[in-house]
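Summary of structural features
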Amino acid sequence: MSSRATDPVIHTRRLVLRRVRPEHDFAGMHAVLSDPAAMAYWATPPHDSADQTRDWLAAMAATQPREGDDFIIEYQGRTVGKAGFFRFPDIGYIIDPALWGQGLVAEALVPVIDRAFTLHRLEQIIADVDPRNAGSMRLLEKLGFAESHRAQATLLIGGEWCDSVYFALSRESWPARTA
Ligand SMILES: CC(C)(COP(=O)(O)OP(=O)(O)OC[C@H]1O[C@@H](n2cnc3c(N)ncnc32)[C@H](O)[C@@H]1OP(=O)(O)O)[C@@H](O)C(=O)NCCC(=O)NCCS
């Protein structure tokens, strides 16, 4: 899918968030999606082929405005991850492990969450996190999400059953913030 004049582009202090451009984003996203550290608690195992990443990028590009609102994260001109909604109301994010711990994903998610509540009028945003994923849970709590419940053996990933901790953020509890 080529970019359209109406496609949103969000500038935060350090990042540019924009719609996926499959050819352009392939190398950056394949590096992240095939990285065992980045994918340790993802819903699928690390990508072991280029085609897997191409399919993933095509699915992201095919997301319709009523279905989701997903963004590629660009940092210093490089494609380094993604943040947003592949399907409402589930939020998802991933970034190059070399960039972890600098507040970059929190910075990306503030305007994305803002759009979800103000533009897309979601009542609630939810996140499904592996209980071992301390970084993701800390990130969500920092953004105001609260744990709603837990469930065991929710996902079979690479032959291993994984558990889920569910987090939720309601529109009422989202304070006015700026990116
Ligand atoms: C989870 C992830 C997106 C966090 O990205 P990030 O840019 O490092 O997050 P931030 O720097 O904004 O950190 C948010 C908070 O989490 C904390 N944090 C980050 N990684 C952590 C870890 N491994 N353990 C504990 N806390 C951690 C940070 O210190 C920060 O809290 P603080 O401000 O109180 O210090 C990133 O680690 C990632 O891409 N993981 C792989 C993909 C993934 O698991 N996605 C989520 C699926 S549910």
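We now turn to the structure provided with this report. (Residues numbered from 1 in each chain as written. Predicted model: local features only at pLDDT ≥ 70, side-chain atom pairs only at ≥ 80, totals over all residues. Heavy atoms only, no water.)

Moving on to the packing of aromatic side chains. Any aromatic ring pair is given by two values, namely how distant the centres are and how the planes are angled relative to each other. In this structure the tally under the stated criterion is two aromatic pairs. On the numbers, 5.4 Å between centres and 50° between planes, the contact of Phe-85 with Phe-88 is tilted. A relative accessible area of 18% places Phe-88 in the buried class. On the basis of an interplanar angle of 45° and a centroid distance of 6.4 Å, the ring pair of Phe-117 and Trp-174 is categorised as tilted. Within this pair, whereas Phe-117 is found in helix α3 (residues 104-118), its partner Trp-174 is found in the segment after β8 (160-170), the two being separated by 57 residues in sequence. The class for Phe-117 is buried, based on a relative accessible area of 2%. Of note, Arg-54 hangs over the ring of Phe-26, and the distance from its end group to the ring centre comes to 4.1 Å. (Phe/Tyr/Trp six-rings, centres within 6.5 Å; stacked < 30°, edge-to-face > 60°. Buried < 20%, exposed > 50% of the residue type's maximum accessible area, 1.4 Å probe, protein only. Helix = DSSP H or I, 4+ residues; strand = E, 2+ residues; numbered from the N terminus. Lys NZ or Arg CZ within 6 Å of the ring centre and 35° of its normal.)

Before going further, it helps to examine the site of the ligand. Around the ligand, 20 residues are found, and the nearest of them are Tyr-93, Gly-101, Gly-103, Asn-133 and Arg-138. At 3.3 Å, a side-chain N or O of Trp-100 approaches an oxygen atom of the ligand. One nitrogen or oxygen atom from the main chain of Gln-102 is found 3.3 Å from an oxygen atom belonging to the ligand. Surface burial for the ligand is 75%, taken as the share of its 930 Å² of free accessible area covered by protein chains. Looking at the shell around the ligand residue by residue, the classes come out as eleven nonpolar, six polar and three charged. (Near = heavy atom within 4 Å. Polar contact = N/O pair within 3.5 Å; in protein donor to acceptor, adjacent residues only side chain to side chain. Areas by Shrake-Rupley, 256 points an atom, 1.4 Å probe, with all protein chains shown as cover. Nonpolar A, V, L, I, M, F, W, Y, C, P; charged D, E, K, R; others polar.)

Structural measurements only, silent on function.
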